[in-house]
Every structure is written in C-alpha cells, then in structure tokens.
Amino acid sequence: MKTNIRVIDLAKYKAKDSKFIIGRENGANAMVKEDLKNFVKKVENKEIDYIKIEVSKEIYGIVSSFLLGFFADVVADLKSKERFYEIFNLSDLQPEIKKQIDEEIDFILGE
C-alpha cells in the first residue's frame, strides 16, 4: 500500500549561512506557508497518513522560538503529546532535534 504523506523540511526556514533555525515569527510564517493546520485536518480526516518533519543534516539545531511559532497553535488544538505523535512523524530527525521538539510540546501543553 502506498503511503500518502506530507513532507516538510524545516531547513528551508534557516537564514542563509546559519546552522540553526531561529525566530518565533519565522516559525509562525513557516506554519502558514506550509498550511500546517490544514494538513493536520487532512490527517485527522484520513485524507493523508501523516506529516513527516525533516531537517537537513547540515542544521545543528532549531531554537525554541521557531518551534513555538511553528507548532504552538497546532499542539494547543491537539491537546496532547500522543495526538501530536499520531499526526507528526519525526523518525528521520537527529536525536537532539527530536528532544528539542518533545520539550517544546511539553512546554506548550504546560507539562
């Protein structure tokens, strides 16, 4: 069975020569540009299987402000970490970046 997924590479939101992805406004703009809320609905409606988050290997990290801008509204709507991981696939991310995202989800949910 062919998997129907949406892939988002966050590396395209880094500044030109930067090794980090930064900025809450940058994250919020990325959320809009990627139509994130719409794709979350598509997963919930079973129109697509999941959203895969990728970050090219030349990126050292993602600053929490970017993650908050990108994920805060979606995580608040989903209301749980379990729902987040049902919709988002982070399997190809570097362990440090996975940990950063996980910690930001806890922060958004007030855990």
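(A) Local environment of the pairing of strand 3 (residues 50–54). For strand 1 (residues 5–9) and strand 3, the ladder comprises 5 bridges, and the chain directions are parallel. Residue Asp9 lies in a different strand from strand 3, and its bridge partner there is Glu54. With 2 bridges connecting them, strand 3 and strand 5 (residues 88–89) associate as parallel partners. Note on strand 5: the bridge partner recorded for Ile51 is Phe88.

(B) Focus on the environment of Ser91. Take Ser91: it is sitting in the loop between strand 5 and helix 5 (95–109). When the C-alpha atoms of Ser91 and Lys52 are compared, they prove to be 8.1 Å apart, with 39 residues separating the residues in sequence. Ignoring any residue separated from it by four or fewer positions in sequence, one finds Ser91 in contact with Lys52 and Lys98.

(C) Molecular detail of helix 3 (residues 64–78). Maximum bend of helix 3: about 50 degrees, positioned at Phe71. Listed in full, the buried residues belonging to helix 3 are Phe66, Leu67, Leu68, Gly69, Phe70, Phe71, Ala72, Val74, Val75 and Leu78. Of the residues one or two after helix 3, Lys79 is the one with positive phi, at around 70 degrees.

(D) Structural context of the environment of Lys37. Assignment of secondary structure puts Lys37 in helix 2 (residues 36–44). Lys37 sits in the partly exposed class, given a relative accessible area of 33%. In sequence terms Lys37 and Asp73 are 36 residues apart; their C-alpha atoms lie 8.3 Å from each other. Leaving out residues up to four positions away in the same chain, Lys37 has contacts with Asp73, Val74 and Asp77.

(E) Spatial organisation of the pattern of salt bridges. The full count for this structure, using the stated rule, is 10 salt bridges. A salt bridge links Lys81 to Asp106; its shortest N-O distance comes to 2.6 Å. With Lys81 in helix 4 (residues 81–87) and Asp106 in helix 5, this pair connects stretches of sequence that are 25 residues apart. Salt bridges sharing partners connect three or more residues here, namely Arg6, Lys12 and Glu34.

(F) Inspection of the packing of helix 1 (residues 24–33) against helix 3 at higher detail. Where helix 1 meets helix 3, the closest approach of the two axes is 6 Å, and the angle between their N-to-C directions is 35 degrees. Crossing handedness for the pair helix 1 and helix 3: right-handed. Contact with helix 1, carried on its side by Arg24, Asn26, Gly27, Ala28, Ala30 and Met31, involves Ser65, Phe66, Leu68, Gly69, Phe70 and Asp73 of helix 3 and no other residues of that element. Across the contact of helix 1 with helix 3, the residue classes break down as 6 nonpolar, 4 polar and 2 charged.

(G) Main features of unusual backbone geometry. Positive phi, normally seen in glycine, also occurs at Lys46, with a value near 65 degrees. Within the secondary structure, Lys46 is located in the loop between helix 2 and strand 3. Even without glycine at this site, Lys79 takes up a positive phi of about 70 degrees. With respect to the helices and strands, the residue Lys79 is situated in the loop between helix 3 and helix 4.

Reading the values: rules and limits
- Residues numbered from 1 in each chain as written.
- Predicted model: local features only at pLDDT ≥ 70, side-chain atom pairs only at ≥ 80, totals over all residues.
- Heavy atoms only, no water.
- Pairing = 2+ DSSP bridges.
- Helix = DSSP H or I, 4+ residues; strand = E, 2+ residues; numbered from the N terminus.
- Contact = heavy atoms within 4.5 Å.
- Bend = angle between axes of the 7 residues up to and from the residue.
- Buried < 20%, exposed > 50% of the residue type's maximum accessible area, 1.4 Å probe, protein only.
- Salt bridge = Lys/Arg side-chain N within 4 Å of Asp/Glu carboxyl O.
- Axes fitted to C-alpha atoms, helices over the stretch in contact; angles between N-to-C directions.
- Left-handed = near helix turned anticlockwise from the far one by under 90°.
- Nonpolar A, V, L, I, M, F, W, Y, C, P; charged D, E, K, R; others polar.

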